[in-house]
Amino acid sequence: MSKRKPMMVGNWKMHKTWAETSVLAQAISNREKNTWEDTDVVICPAMCNLKAAWEVLEFDKSKIKIGAQNVHWADEGAYTGEVSVAMLQDVGAAYCIVGHSERRAYAAETNEDVNRKVKALLKGELTPIVCVGESEHIRNDGAYLDYVCKQVSAAFAGLEDNEVSKCVVAYEPLWAIGTGRTATPEEAQEVCAAIRNEISTEYGKDAAESIRVLYGGSVKPENVDGLMAQPDIDGGLVGGASLDADSFTQLVDATLK
Ligand code: 13P
């Protein structure tokens with residue numbers, strides 16, 4: 001476990017209606033412990049249900065934070081279907097996932113889009129959770145470290161060192177997302193260390209030491225301990241196992257061992 005404050009982020013993807021969001025947020029809030037103050041717990045419901053989760057957590061005076069799964073970089077404008085940073089602030093979001101592989105694949109999000117979104121979020125004082133990760137094909141070809149580092153570099157292009165240190169990076173190998181096939185702790189550590197090294201080279205040692213790097217891809221209570229034990233893994237970005245209050249609670253607790 002590193003000296004950075006750990007994190008556990010639940011990415012609910014396109015799951016849960018408004019009522020179901022309230023129920024799950026309430027169930028997680030009910031399990032919140034005092035020890036959770038030593039870790040950053042974030043839930044990311046669907047855009048239209050952010051307020052539902054916020055209302056539950058606000059009523060409970062919970063320390064759990066809300067994150068969105070996407071944002072547009074423009075302040076406002078003719079962007080049908082999009083949501084701005086100000087709109088996210090308005091519904092209580094403190095974090096926003098950017099460049100998830102599903103958005104890169106299904107919404108053609110590019111490294112340049114990711115960079116614009118990161119800048120817009122930082123301007124609005126929301127924390128970007130920047131997702132990077134290689135496909136199975138790239139892994140098998142052997143150039144995955146270079147590929148992931150280039151994604152990191154592109155996401156942060158033009159930022160100051162102190163801005164980079166405020167961000168979060170999530171390494172999510174595509175071959176491990178929703179497949180049940182987790183990266184081994186050693187495989188995940190190798191890439192997370194390379195990400196930190198890339199940040200050190202470009203933005204200095206301080207930024208590299210403070211930025212949190214998460215692992216995502218089939219994280220479950222059964223495999224989380226090995227991942228959390230790695231020196232460069234500061235937490236998890238979790239899909240499936242975050243949709244159940246018991247398993248998500250176990251994952252949060254694992255960041256504190
Ligand atoms: P799973 O945990 O369902 O593999 O999803 C990972 C992910 O994509 C989180 O953003």
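Residues numbered from 1 in each chain as written. Predicted model: local features only at pLDDT ≥ 70, side-chain atom pairs only at ≥ 80, totals over all residues. Heavy atoms only, no water.

Q: What is the right way to read the overall build of the protein from this model?
A: For the protein, the helix and strand inventory stands at 12 helices and eight strands. In terms of overall size, the protein behaves like a compact globule, its C-alpha atoms giving a radius of gyration of 17 Å where 257 residues would be expected to give roughly 18 Å. Of the contacts made within the protein by residues no fewer than 6 positions apart, 75% connect residues no fewer than 24 positions apart. Of the charged side chains in the protein, 26 are positive and 39 negative; the average position of the first set lies 2 Å away from that of the second. (Helix = DSSP H or I, 4+ residues; strand = E, 2+ residues; numbered from the N terminus. Rg over C-alpha atoms; globule rule 2.2 N^0.38 Å. Contact = heavy atoms within 4.5 Å. Lys, Arg positive; Asp, Glu negative; His and termini not counted. Charge placed at Lys NZ, Arg CZ, Asp CG, Glu CD.)

Q: How should I be thinking about helix H12 (residues 245-254) in this particular structure?
A: Along an α-helix, a turn takes 3.6 residues, which lines up residues three or four apart on a common side. Burial within H12 is extensive, with seven of its 10 residues counted as buried. When H12 is considered as a whole, its buried residues turn out to be Ala245, Ser247, Phe248, Thr249, Leu251, Val252 and Ala254. Contacts made by the buried residues of H12 are with strand S1 (7-11), helix H1 (18-31), strand S2 (40-44), helix H11 (224-228) and strand S8 (235-238). Of the residues that open H12, the one with a side-chain oxygen 3.2 Å from the backbone nitrogen of Asp246 is Asp244. (Buried < 20%, exposed > 50% of the residue type's maximum accessible area, 1.4 Å probe, protein only. Polar contact = N/O pair within 3.5 Å; in protein donor to acceptor, adjacent residues only side chain to side chain.)

Q: Looking at this model, I keep getting lost on the packing of H1 against H12. Mind explaining?
A: Packed helices, taken two at a time, are described by the angle between their axes plus the distance between the axes. As a packed pair, H1 and H12 sit with axes 9 Å apart at the nearest point and diverge in direction by 45 degrees. One way to sum up the angle between H1 and H12 is to call them oblique. For the pair H1 and H12, the sense of crossing is right-handed. Contact residues: H1 offers Leu24, Ala27, Ile28 and Arg31, while H12 offers Ala245, Asp246, Phe248 and Thr249. (Axes fitted to C-alpha atoms, helices over the stretch in contact; angles between N-to-C directions. Parallel < 35°, antiparallel > 145°, perpendicular 65-115°, else oblique. Left-handed = near helix turned anticlockwise from the far one by under 90°.)

Q: Would you mind going over the layout of surface pockets with me for this structure?
A: Leftover empty space is mapped by rolling, across the atoms, a probe with the size of a water molecule. For the largest pocket, the calculated volume is near 320 Å³. Along the walls of the largest pocket sit 13 residues, with Lys13, Met14, Gln69, Glu102 and Arg103 positioned nearest its centre. It is helix H4 (residues 101-106) that provides the largest number of residues to the lining of the largest pocket, a total of three residues. For the second largest pocket, the calculated volume is near 240 Å³. Here the lining of the second largest pocket is built from residues that sort into six nonpolar, eight polar and three charged. (1 Å grid on protein atoms, 1.4 Å probe; cavity = no way out; pocket = protein on both sides within 12 Å on 5 of 7 lines; lining within 4 Å. Points joined across faces, edges and corners; volume = space filled by probe spheres on them. Nonpolar A, V, L, I, M, F, W, Y, C, P; charged D, E, K, R; others polar.)

Q: Where do I start with the sheet that holds strand S3 (residues 65-68) in this structure?
A: Strand-to-strand pairing in sheets goes through backbone hydrogen bonds, with the strands running parallel or antiparallel. Read once around its circumference, the closed barrel built from eight strands follows the order S1-S2-S3-S4-S5-S6-S7-S8, with strand pairing classed as parallel. Mean inter-strand twist for the sheet, computed between neighbouring axes without regard to direction, equals 25 degrees. Strand direction decides the pairing type here: strand S6 (residues 168-171) and strand S7 (residues 212-216), joined by four bridges, are parallel. When the bridges of S7 are listed, Ala170 appears paired with Leu214. (Pairing = 2+ DSSP bridges.)

Q: Honestly, the nonpolar core in this entry has me stumped. Any pointers?
A: Nonpolar side chains in soluble globular proteins tend to end up buried together. Judged by nonpolar contacts, the single largest core of 68 residues is most densely connected at Ile28, Ile43, Leu88, Phe156, Ile195, Ile199 and Tyr215. If you tally residues by element for this core, the top one is helix H9 (residues 185-203), at six residues. Beyond its immediate stretch of four places on either side in the chain, Tyr215 contacts Tyr171, Pro173, Ala176, Thr182, Ala183, Ala188, Leu227, Ile233, Gly235, Gly236 and Leu237. Judged by nonpolar contacts, the second largest core, of 12 residues, contains Val9, Cys44, Ala170 and Leu237. (Core = buried A, V, L, I, M, F, W, Y, C linked by side-chain atoms within 4.5 Å.)

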